[in-house]
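Overview (structure and organization)
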Amino acid sequence: MTTLPYQYVVVRAVPRVDREEFVNVGVVLYCQQASFLRCAWAVDEARLAALAPGLPTAELRGALAVIDDVCAGREGGGRPRLGRDGARFGWLAAPRSTIVQPGPVHGGVCADPDAELSRLVDLLVR
C-alpha cells in the first residue's frame, strides 16, 4: 500500500477574537503528490450558540464557502489569485484575525486523501 504525505489545518470559528475561544468547524487537507486540496466542514449551530449567542451563522457559512472556493481554485469576487494548490494551501493556513481562523499546520500520511479528510472531520469537528 502506497502512503502519501499530507498537511492539514483545522478551521476554527472564533466568535470573539479577543477571548481566543473557538469551535472547530472544518478541516483543509493538502496532499501534493495526489494533487489534492479540499476542505470539509460541519457547523454545529447549538454548540456555537452556547459559546456565542447571536453569532451570525450566515457570515460564518459565507467564510467557509470562500475556503471551498479557494480549495477549488475559484478566483474573483475578492478571492485570491494563487494558482497552484500549494500556494492556495499556504494562503488558507496563514494566520488571520477574523471569525474563521486556521489552526496550526499538522501533517500525516495516508493512502486515500479523501477518506483521510472525512476521518479528520469526524475526529476533530463532529
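Residues numbered from 1 in each chain as written. Predicted model: local features only at pLDDT ≥ 70, side-chain atom pairs only at ≥ 80, totals over all residues. Heavy atoms only, no water.

1. Considering helix α2 (residues 57-72)
What counts is decided by this rule: Strands here are runs of E lasting at least two residues and helices are runs of H or I lasting at least four, both read from the DSSP assignment and numbered beginning at the N terminus. By this rule, a helix spans an expected 1.5 Å times one less than how many residues it contains. Burial classification: accessible surface area is computed with a 1.4 Å probe over protein chains only, and a residue below 20% of its type maximum counts as buried, one above 50% as exposed, and the rest as partly exposed. Two residues form a contact once any of their heavy atoms are found within 4.5 Å.
Its 16 residues give α2 an end-to-end C-alpha distance of 23 Å, which sits within 8% of 22 Å, the value for a rise of 1.5 Å per residue. Taken together, the buried positions of α2 are occupied by L60, L64, I67, D69, V70 and C71. Those residues of α2 hidden inside the fold are in contact with β1 (4-13), β2 (23-31), β3 (36-41), α1 (45-51), α3 (85-93) and β4 (100-102). Backbone geometry just after α2 places G73 at a positive phi near 85°.

2. Quick look at the nonpolar core
What counts here: Definition used in this section: a nonpolar core is a set of buried Ala, Val, Leu, Ile, Met, Phe, Trp, Tyr and Cys residues joined via side-chain atoms within 4.5 Å.
Formed by 23 residues in total, the largest nonpolar core has its most connected members in V28, L64 and I67. Elements that contribute at least two residues to this core include exactly β1, β2, β3, α2 and α3. The element contributing the most residues to this core is α2, with 5 residues. Non-local contacts of I67, meaning those with residues more than four positions away in its chain, are made with V11, V28, C39, L92 and V100. In this structure, L29, F36, L120 and V121 belong to the second largest nonpolar core, which totals 13 residues.

3. Brief notes about the packing of aromatic side chains
We apply this condition: When two rings of Phe, Tyr or Trp (its six-membered ring) have centres within 6.5 Å they constitute a pair, described as stacked for plane angles under 30 degrees, edge-to-face for angles over 60, and tilted for the intermediate range. Geometrically, a charge over a ring is one whose NZ (Lys) or CZ (Arg) sits within 6 Å of the ring centre while staying within 35 degrees of the ring normal.
A full pass over the atoms with the stated rule returns 2 aromatic pairs. Stacked on the ring of F22, the Lys or Arg R12 has its end atom at 4.0 Å from the ring centre. Positioned above the aromatic ring of W91, the side-chain terminus of R96 is 4.7 Å from the ring centre.

4. A closer look at the environment of E21
Our working definition: Polar contacts, as counted here, are pairs of nitrogen or oxygen atoms within 3.5 Å of one another; within protein the pair requires one atom able to donate a hydrogen and one able to accept it, and residues that are adjacent in sequence qualify only if both atoms are side-chain atoms.
Considering the arrangement of structural elements, one finds E21 in the loop between β1 and β2. For the pair E21 and V105, spaced 84 residues apart in sequence, the C-alpha to C-alpha distance is 19 Å. Leaving out residues up to four positions away in the same chain, E21 has contacts with A13, V14, P15, R16 and L51. Looking at E21, its side chain comes within polar contact range of the side chain of R19, at 3.1 Å.

5. What about α3?
What counts, and what does not: As used here, the arc is the angular range of directions from the helix axis to the C-beta atoms.
If you check which residues of α3 are buried, you get D85, R88, F89, L92 and A93. Across the axial projection of α3, the buried residues extend over an arc of 130°, all falling on one side. Contact partners of the buried residues in α3: β1, β2, β3, α2 and β4.

6. As for the pattern of salt bridges
Put simply, the rule reads: Think of a salt bridge as a Lys or Arg side-chain nitrogen and an Asp or Glu carboxyl oxygen that are within 4 Å of each other.
What the rule picks out here adds up to 9 salt bridges. A salt bridge links E45 to R61, with the shortest nitrogen-to-oxygen separation between them at 2.7 Å. Separated by 16 residues along the polypeptide, E45 in helix α1 and R61 in helix α2 bring together distant segments of the chain. As a salt-bridge pair, R88 and D85 come within 2.6 Å of each other at their nearest N and O atoms. With R88 and D85 both in helix α3 and 3 residues apart, the pair spans about one turn of that helix.

7. Some details on the pairing of β3
Note the cut-off: The criterion for strand pairing is that DSSP finds at least two bridges linking the strands in question.
In the sheet, β2 pairs with β3 via 6 bridges, with the strands oriented antiparallel. Bridge assignment links L29 to a residue of β3, and that residue is R38. Following β2, the chain reverses through 4 residues before pairing antiparallel with β3; S35 in that reversal takes a positive phi of roughly 50°.

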